[in-house]
Amino acid sequence: MENDPVADRLSAAYPELPPGERAIVRVLLDDYPFAALGSLRALAERAGVSPPTASRLFDRLGYGGFADFQAAVRDGARDRSRLLEFVTRSPDSPDAPVATGSPELRQAAEDLRAGLDGTLAAATDPLLDAAAALLAEARTVWALGGPLSELAAEYLIRQLASLRPGAHRVPDSTQARARTVLDLKGADVVVAYDFRRYSSGTARFAQAARTRGARLVLVTDAWESPLAAEAEVLIRLPREAAGPIAPLTHEIAVTELLLVATAARLSPAERLADLDALTQTL
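The model shown is predicted, which means the values in this text are computed figures rather than measured ones. (Residues numbered from 1 in each chain as written. Predicted model: local features only at pLDDT ≥ 70, side-chain atom pairs only at ≥ 80, totals over all residues. Heavy atoms only, no water.)

Soluble globular proteins tend to pack their nonpolar side chains together in the buried interior. Of all hydrophobic cores here, the largest spans 29 residues; its most connected members are Leu10, Ile24, Leu28, Leu57, Phe58 and Phe69. Elements with a contribution of two residues or more to this core: helix H1 (5-13), helix H2 (19-30), helix H3 (40-47), helix H4 (51-60) and helix H5 (66-76). Examining the composition of this core, we find that six residues originate from one element, H2, more than from any other. In contact with Leu10, not counting residues within four places along its chain, are Val25, Leu28, Leu29, Tyr32, Leu61 and Phe69. (Core = buried A, V, L, I, M, F, W, Y, C linked by side-chain atoms within 4.5 Å. Buried < 20%, exposed > 50% of the residue type's maximum accessible area, 1.4 Å probe, protein only. Helix = DSSP H or I, 4+ residues; strand = E, 2+ residues; numbered from the N terminus. Contact = heavy atoms within 4.5 Å.)

Compared with an ideal rise of 1.5 Å per residue, which puts 14 residues at 20 Å, helix H9 (residues 150-163) spans 20 Å between its outermost C-alpha atoms and is within 8% of the ideal. On its buried side, H9 packs onto strand E1 (141-145), strand E2 (167-169), strand E3 (189-194), helix H12 (248-263) and helix H13 (269-281). (Expected span 1.5 Å × (residues − 1).)

Reading across from one edge, E2-E1-E3-E4-E5 is the order of the five strands in this open sheet, with parallel pairing throughout. If you trace the sheet from one side to the other, it starts and ends with E2 and strand E5 (233-236), each paired once. Geometrically, the sheet is characterised by an average inter-axis angle of 15 degrees between neighbouring strands, direction not taken into account. Taken together, the five bridges between E1 and E3 define a ladder with parallel strand orientation. Bridging from a neighbouring strand, Leu144 pairs with Ala192 of E3. (Pairing = 2+ DSSP bridges. Axes fitted to C-alpha atoms, helices over the stretch in contact; angles between N-to-C directions.)

In this section: the environment of Val181. The residue Val181 is located in helix H10 (residues 174-182) in this model. Beyond its immediate stretch of four places on either side in the chain, Val181 contacts Phe205, Ala208, Ala209 and Arg212.

A few words now on the confidence of the model for the chain. Across the chain, the average pLDDT comes to 85, with 86% of residues at or above 70. Low pLDDT, under 50, characterises residues 77-88; the predicted model gives this stretch 27 contacts beyond four residues in sequence or across chains. Counting contacts from residues 95-100, a segment whose pLDDT is below 50, to residues more than four positions away or on other chains yields eleven contacts. (pLDDT = per-residue confidence, 0-100.)

Once that is clear, we can look at the environment of Val190. One can find Val190 in strand E3. Residue classification places Val190 among the buried residues on the basis of a relative accessible area of 1%. Linking Val190 and Ala143, residues 47 residues apart in sequence, is a C-alpha distance of 5.6 Å. Those residues in contact with Val190, other than ones at most four positions away along the chain, are Trp142, Leu144, Phe205, Ala209, Ala214, Arg215, Leu216 and Val217.

So, in structure tokens, the structure goes:
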């Protein structure tokens, strides 16, 4: 949906909207343009709001009702999958990907650089310090993510387990997750990576953990995971991607910063030396 005027208008208006209308925008942008092409009632149900709330959004945005909004979407929408668009361009198209050093690769590199700059700016020192304090002092740390962001959660736990004990990835099965939640307490921390499309499994685990008293560190995008209100520390990343690829690089960069900030609060030298010695003997 790059350069789509309707999507751009939704994104620009999002920060100033009331919560119910923001929920509608999240649904629209998460499944754009397809979420806009059904009925108003179906859209409202997906967002968990009433149809009048949805109607107010389109009036606020300057459309002559939902039908006018849908017409604008149909006129200007493009396939939301940037990767699909990228790989299915005709070889004769002026926008088709070409050899290394092409304008497309240079643009992707510039996008990646700009996205990383935005990510580093979003991960402020106070946010990193607050998250690091939780990660260093927690009894246990549990991390999870969605279909792609679970890679960032895995990376966090692999590195954090070298710095301190009690760092675990949330298990995949429902039964194992239930056992994990059963034992959680207020001294435990959950780190969730949640990006569009937001993971219902991540939300269920994090919300259950919060009911047991666990504290939540949430890494999300500019539109905010539905878990945002539950988070003690909320790190909101920019939405830009490197070319057609989802920006896992941004999530890993923030994870690196979290690890550095956490290590500064610990004294991991002896543990790391013991780990290295054991690695050599096993």
